Structures are given as structure tokens and as C-alpha cells.
Amino acid sequence: MNVSTIKYEWFGNIKGDILSGTVVALALIPEAIAFSIIAGVNPMVGLYASFCIALVIAFVGGRPAMISAATGATALLMGGLVKDHGLQYLMAATILTGMIQIIFGSVKVARLMKFIPRSVMVGFVNSLAILIFIAQLTHFKGQSWVMYAMVAGGLAIIYLFPRITKAVPSPLVAIIIITIISVATGAHVNTVGDLGHLSQSLPSFFIPNVPINLETLRIIFPYSLGIAVVGLIESLLTAQIVDDLTDTGSDKNKEARGQGIANIVSGLFGGMAGCAMIGQSGINVKSGGRGRLSTFWAAVFLLILIVALNDVLVKIPMAALVAVMFMVCIGTFDWSSLKKLPIMPKSETVVMVVTVVTVVATDNLSIGVFIGVILSAIFFASKISKLEIKTISRKGSYKKIYQVSGQLFFASVTDFVSQFDFKEDITEIDIDFSNAHLWDDSAIGAIDKIVLKYQQNGVKVNLIGLNLDSTKLLGRLSVHTTPSALKKVSNQ
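First, a word on what this report is: a plain description of the structure on this page. (Residues numbered from 1 in each chain as written. Predicted model: local features only at pLDDT ≥ 70, side-chain atom pairs only at ≥ 80, totals over all residues. Heavy atoms only, no water.)

With respect to the secondary-structure elements, Lys399 resides in strand 4 (residues 399-408). Residue Lys399 is classed as buried on the basis of its relative accessible area of 17%. Side-chain polar atoms of Lys399 contact the side chain of Asp430, separated by 3.0 Å. Every residue in contact with Lys399, bar those within four places of it in the chain, is listed here: Ile392, Ser393, Arg394, Glu428 and Asp430. (Helix = DSSP H or I, 4+ residues; strand = E, 2+ residues; numbered from the N terminus. Buried < 20%, exposed > 50% of the residue type's maximum accessible area, 1.4 Å probe, protein only. Polar contact = N/O pair within 3.5 Å; in protein donor to acceptor, adjacent residues only side chain to side chain. Contact = heavy atoms within 4.5 Å.)

So, in C-alpha cells, the structure goes:
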């Protein structure tokens, strides 16, 4: 970090970052409260977590303009711990989660991101948009036509106001106007205050009151590990999406360590573990946020709303915030992916659809991503496991040549072995691997099986055309190999 970088990330977009951070802070409140309910804790636990995590990540995160706070993905994993052992154990698990994430970041776990294919990324984004949309529908229960009218009005402001001016983020304008209309008309619609009691107290430092022993570690470690993994998956995927939205890069390993530090601070100040939020990050970027100041101000303004502007905060109608979240859904969903469905490879279409269905069905982003990656790996292995074997029989000769093309590994060895007829009337065969590569012990085992069976029948086997890596692997693992068994070729 040099002076010019710090100046750019903190003061290169002051107006845009302040305005976008204001919108994000307002949008964080209903989400934090809802996630607290999911975890089975007081709403203030989620709000304190959102403040602490966003504040810390602004300084130590690897992705400027990304918003991290209390999230549904992590909250879903906390309910059992809170129910069985109470809030203090949740705080201890949150601190341990942070420690685990710091370790993951130190060993450069972000390198695993390259194994997540685009079809899974698209499925992740689309499923998240669907989940955000579904989450907003609960706010319509028991509401009159006024709620629907306000949401429609909010969306109209969000999409039409930029035609007048883009100096102020349209979501912020929508929240202000809809709130004024609600208060002025005395409309009977749910407000932020209806979600739960919001105290005006500041978060305070404390050490979780739990025994420091192996029994405590046995209780919290499984929860902490799960939360750490889920949180990092969502954070790293969100960082990649924000990279694409802003055409900038980020330090994913630094982000992993930053998430860990933020969660430790959250646990020490009465908050629960969290991670990056793609919805709020999308709001931030689309509202003009580009620097660390936007994340910092979102945290600070959230605390101001809780402590100093509590009376105003509780009067904000949920209709205004629902309209903002609907905007996020529309902007997050990759609509071009629907147009590409007819022309995409079937395997990629299946991966994307399965990822979306799994996430929506389980309400867990990490499970959907995991299944999507596994499915992609299976399809890829199936695709590259197809071998082409040509046979050349010389007329009047008892020698036969097998020319192998493709990748020989665990998924292709069965088809490979089935191409050989061990009972044919020959005395010698050449197996030409000039256009093939041996990858694993399964490949060597298949070659051993072929060579040994032919040798039992008195047939000489020559392995030719092996590249250097395949030759070394064969030399280390095969059971039939002798110095004269391999015919060296010039490309070795």
C-alpha cells in the first residue's frame, strides 16, 4: 500500500462513496434484523455485527467498495448452537471463525477460485437474485394495496430519477420520498420499527463468558469451521462479481484474512459472524460506490441511525427498502444467461440450473456452489475421458500397432483396456502413446494389466511415444517395467 493507492481508495470518489454508503446503511437494517431472527438472537446482535464487520473490512479487506455484514448464509448455521448452548457460545464461535479464516487466507485459499467454472458463477448470481426476491415477499403478508403502490412508486423513482440527474443515487431518493409520503399520509404499512426493538446503545467490548477448555472447543469448532468455509465462499465469489462490475482487480487472500479479522472484532463486540453481501455490494456499486470510504461510511451511518436517528429509522416504511431490494434482484440476475440457454453446451446448462435449484431449495449458497463444482468436474472428466484408439495390422505379419489419442486416467482406463483382444493370434504389439498422456496410478495399473496379460500369452509388448512425464510416472509406479521395456523416443 502506497500513498497514492490509499488516497485513491479512500478519497478518490468522496461524494459517490458517501451517498452510496448511505443507501447501503439503510438497506442493511432489515437484512441484519431478519438474519438475527434466523440465528435465534436479538436483532441488535445482527446490527452490531453489521457495523463491526463493515467498519473493519473497510480497512483490512482486499476488495474496495464491497460490503460485508451479517448474512443469511452464515446465520443459517448458527441456530443450533444458540439453541443448545446460548449466545455466549455463539460469540466464542464467531471469534474462532475469524481465526480459521485468517489461517485460510494465510495459506492462500483464494487460489481455489480458479476451479469454480463460469456456469457455477452464473448459477450463484441468479440463485442469489431469486433468494433476495423471495425474501422480500414476506413483507407483503397482511398488507393492503398501499404497500404494493409504494413499492411500485419506489421502483418508478429508482429507474426514472436518473433521467433527471445522477448526482444523487436514485435508491436514496426513493427511500426519502416514500418515507415522507408514508409519514405525511399516515399510511398503514409496516416500518423498520415493526421488525423488532432497536435499542440506542453502542456496542461494547467483552470476552465471551465460556470455559476455555477442550470441551468448549469441541462444541464450537464444527460450527466455526462451517461458518468460515461458507463465509469465505460467498465472500470470494462476491469479490469476483464486484471485480467484474467495476473492471478492477482485488486481493482475494487479503480479503479472506480481512474477513477473519472482522469476524473476530464482531465476536468481541457482541456481534455474530458474517461475510460479504452480494446484494448490498451491488447496491453500493450501482449507487456510485467505488472506494473503501463507501464501506466505512455505511458502517458509520448505520451506527448513527441506530443511536442518534432511531426515531427516524423506525418510521422508514419497508415498502421503500423492498423497492431497493427488487432493484438489486433485477440488476443481479444475469438475464443474458437465459438467452444463451439454447446455444450453451448441455453440460453447462445442467450445471447452472442445478446450482440455482439447489441454492433456492436449500437456501444455502455454499451447498449450491459445491454441488455445481462437483457436477462440472464430473462432466469435464467424462468429456476428456474419451479416448481414440486406432489399430494397424500389417498384412502377413504377426505384429499389431495400437495408436492411442487422449488422456489416460481413472475415468478412461475401462474403455482403454476394453480395446485390446488378448486372444488374437499375434506375437508382438506396439502401443503408441505419442498423442496421449498418462495422469495417475489408474492409468499405470491399466497398462500393467494389458502388458502382463499379453506376456502370459507369449506376446511381446512395446510401449512407445511416451512423453517425459508419462515415462517418469510409469517408471515409478508400474510393476512390469524393465529398462528394456520402454523404447525411448526423440521427444523425451
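On to the sheet that holds strand 3 (residues 388-393). Ordered by their spatial adjacency, four strands build an open sheet running 3-4-5-6, and the pairing between neighbours is mixed. Two strands bound the open sheet, and with one partner strand each, they are strand 3 and strand 6 (460-464). Strand-to-strand twist of the sheet, defined as the mean angle between neighbouring strand axes without regard to direction, takes the value 20 degrees. In this structure, strand 3 lies alongside strand 4, joined through six bridges in antiparallel fashion. The partner of Ser393 across the bridge, within strand 4, is Lys400. (Pairing = 2+ DSSP bridges. Axes fitted to C-alpha atoms, helices over the stretch in contact; angles between N-to-C directions.)

For Ile177, the location among the structural elements is in helix 9 (residues 170-185). Separated by 45 residues in sequence, Ile177 and Pro222 place their C-alpha atoms 46 Å apart.

Turning next to helix 18 (residues 365-384). Compared with an ideal rise of 1.5 Å per residue, which puts 20 residues at 28 Å, helix 18 spans 29 Å between its outermost C-alpha atoms and is within 8% of the ideal. Within helix 18, burial applies to Leu365, Ser366, Gly368, Val369, Gly372, Leu375, Ser376 and Ala381. (Expected span 1.5 Å × (residues − 1).)

With that out of the way, let us pick up empty space enclosed by the protein. Scanning the entire structure with this criterion turns up one cavity of 30 Å³ or more. Roughly 40 Å³ of volume is contained in the largest cavity. Lining the largest cavity we find Ile57, Ala58, Gly61, Gly62, Arg63, Pro64, Ala65, Met66, Glu255, Arg292 and Thr295. Taken together, the elements giving at least two residues each to the lining of the largest cavity come down to helix 3 (43-60) and helix 13 (292-307). In terms of residue class, the lining of the largest cavity is made up of five nonpolar, three polar and three charged. (1 Å grid on protein atoms, 1.4 Å probe; cavity = no way out; pocket = protein on both sides within 12 Å on 5 of 7 lines; lining within 4 Å. Points joined across faces, edges and corners; volume = space filled by probe spheres on them. Nonpolar A, V, L, I, M, F, W, Y, C, P; charged D, E, K, R; others polar.)

Turning to the packing of helix 10 (residues 214-246) against helix 18, a few remarks are in order. Where helix 10 contacts helix 18, the axes come no closer than 9 Å and their chain directions differ by 75 degrees. With respect to their mutual orientation, helix 10 and helix 18 come out roughly perpendicular. Residues Val230, Ile233, Glu234 and Leu237 of helix 10 touch helix 18, and the partners they reach there are Leu365, Ser366 and Val369. (Parallel < 35°, antiparallel > 145°, perpendicular 65-115°, else oblique.)

Let us now look at the layout of surface pockets. Volume-wise, the largest pocket comes out at about 670 Å³. Elements with a minimum of two residues in the lining of the largest pocket: helix 2 (14-39), helix 4 (72-75), helix 7 (118-137) and helix 12 (278-286). Residue composition of the lining of the largest pocket, by class: 18 nonpolar, eight polar and three charged. For the second largest pocket, the calculated volume is near 430 Å³. If you trace the second largest pocket, you find 16 residues lining it, with Val109, Leu112, Ile116, Val229 and Ile233 closest to the centre. Broken down by secondary-structure element, the contributors of at least two residues to the lining of the second largest pocket are helix 10 and helix 18.

Here the structure, examined in full by the defined rule, presents nine salt bridges. In this structure, the salt-bridge partner of Asp334 is Arg118, at a minimum N-O distance of 3.9 Å. Taken as a pair, Asp334 in the loop between helix 15 (318-332) and helix 16 (336-340) and Arg118 in helix 7 lie far apart in primary sequence, 216 residues in all. Judged by relative accessible area, which is 19%, Asp334 ranks as buried. A salt bridge links Glu424 to Lys400; the shortest N-O distance between them is 3.1 Å. One end of the pair, Glu424, is in the loop between helix 19 (413-418) and strand 5 (428-438); the other, Lys400, is in strand 4, with 24 residues separating them in the sequence. The exposure class of Glu424 is buried, given its relative accessible area of 18%. By relative accessible area, Lys400 is classed as buried at 13%. (Salt bridge = Lys/Arg side-chain N within 4 Å of Asp/Glu carboxyl O.)

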